[in-house]
Amino acid sequence: MTERFSEMDRFDRKILDVMAIEGRISVTELARRIGLSKSPTQARLKRLEDSGVIRGYRALFDPIRLGRDHVAFVEVKLSDTRETALAAFNTAVTRVPEIEQCHLIAGSFDYLLKVRTASMSAYRLVLAEKISTLPHVANTSTYVAMQAVKEEGVVPVTPLATG
């Protein structure tokens with residue numbers, strides 16, 4: 001069963017909006033916030049989980065307190081962009097734990113990576129020993145982030161009103 005956004009009603013959307021920010025909220029409190037009783041809220045939550053809309057729950061760690069405050073964005077240009085080459089790169093990149101994000105880009109390069117390490121020297125090792133050795137990598141360009149201004153990644157499900 002694949003649930004689509006258009007098939008969700010306002011209660012489903014409210015559940016997602018609350019859960020995006022407060023994943024550990026009790027079902028009782030969630031029900032109170034969205035204006036339903038506990039049983040239908042619990043059933044909706046289970047349906048959203050079973051359909052894959054809610055893929056899971058996790059803890060968010062402070063990377064700075066964990067000593068991983070060096071962030072680099074890496075443009076990657078491949079030597080081959082046929083489907084088999086992209087698939088090989090995609091598979092290999094998932095095995096590099098320092099790569100937090102990887103996006104296929106329409107532009108002058110092929111992929112944009114977000115890489116988090118403890119230091120510049122640690123990043124240099126990741127670049128030399130892991131990223132540069134990924135399948136079909138022709139060249140890379142690195143941009144070091146000086147400060148994260150917004151990084152939460154929480155996007156409201158319910159569309160915001162536009163003026």
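Residues numbered from 1 in each chain as written. Predicted model: local features only at pLDDT ≥ 70, side-chain atom pairs only at ≥ 80, totals over all residues. Heavy atoms only, no water.

Here we look at the side chain of Glu98
Under the convention used in this document: The way it works is that DSSP assigns letters per residue, a run of H or I at least four long becomes a helix, a run of E at least two long becomes a strand, and they are numbered from the N terminus. Three labels apply to residues, based on accessible area from a 1.4 Å probe with only protein chains included: buried if under 20% of the type maximum, exposed if over 50%, partly exposed otherwise in between. In protein, a polar contact requires one atom able to donate a hydrogen and another able to accept it; more generally it is a pair of N or O atoms within 3.5 Å, and residues adjacent in sequence count only if both atoms are side-chain atoms. The criterion used for residue contact is that any of the two residues' heavy atoms lie within 4.5 Å.
Turning to its location among the elements, Glu98 is positioned in the loop between helix H4 (83-93) and strand S2 (99-104). In this structure Glu98 comes out as buried when scored by relative accessible area, which is 15%. At a separation of 3.0 Å, a polar atom in the side chain of Glu98 contacts the side chain of Lys130. With near-sequence residues (within four places) excluded, Glu98 lies in contact with Arg68, Lys114, Val115, Arg116, Thr117, Val126 and Lys130.

A short note on the packing of aromatic side chains
The following threshold applies: Note on aromatic contacts: the rings of Phe and Tyr and the six-membered ring of Trp form a pair at centre separations within 6.5 Å, being stacked when their planes are under 30 degrees apart, edge-to-face when over 60 apart, and tilted otherwise. Geometrically, a lysine NZ or arginine CZ counts as sitting over a ring once it is within 6 Å of the ring centre and also within 35 degrees of the ring normal.
For the structure shown, the criterion picks out 1 aromatic pair. Centroid distance Phe89 to Tyr111: 4.2 Å. Interplanar angle 35°. Geometry classified as tilted. Highlighted residues: Phe89 in helix H4 and Tyr111 in strand S3 (residues 111-117), separated in sequence by 22 residues. By the burial criterion, Phe89 is buried, and Tyr111 matches it. Positioned over the ring face of Phe11 is Arg10, at 4.3 Å from the centre of the ring.

Considering the packing of helix H1 (residues 10-21) against helix H2 (residues 27-34)
To be explicit about the condition: Note on method: axes are straight lines fitted to C-alpha atoms, helices fitted across the in-contact stretch only, with angles between N-to-C directions ranging 0 to 180 degrees. The labels follow the angle: roughly parallel below 35 degrees, roughly antiparallel above 145, roughly perpendicular from 65 to 115, and oblique for the rest. Definitions for this section: a left-handed crossing has its near helix turned counterclockwise from the far helix by less than a right angle. A right-handed crossing has that turn clockwise. When residues are grouped by polarity, Ala, Val, Leu, Ile, Met, Phe, Trp, Tyr, Cys and Pro land in nonpolar, Asp, Glu, Lys and Arg in charged, and all others, Gly among them, in polar.
Remark: H1 packs on H2, axes separated minimally by 10 Å, with the N-to-C direction vectors making an angle of 125°. Relative to H2, H1 is oriented oblique. Crossing handedness for the pair H1 and H2: right-handed. Contacts from Phe11, Lys14, Ile15, Val18 and Met19 of H1 reach H2 at Leu30, Arg33 and Ile34. Considered class by class, the residues forming the contact of H1 with H2 number 6 nonpolar, no polar and 2 charged.

Things to note about the nonpolar core
As a reminder, the rule being used: To form a nonpolar core, buried Ala, Val, Leu, Ile, Met, Phe, Trp, Tyr and Cys residues must be joined to one another through side-chain atoms within 4.5 Å.
Among the nonpolar cores identified, the biggest contains 19 residues, and Val76, Phe89, Leu113 and Val115 are the most heavily contacted of them. The set of elements that each furnish at least two residues to this core consists of strand S1 (70-78), H4, S3 and helix H5 (120-131). If we ignore the near neighbours within four places in the chain, the residues touching Phe89 are Val76, Leu78, Cys102, Tyr111, Leu134, Pro135 and Val137. Counting 13 residues, the second-largest nonpolar core is a separate cluster that includes Met19, Leu30, Ile34 and Ile54.

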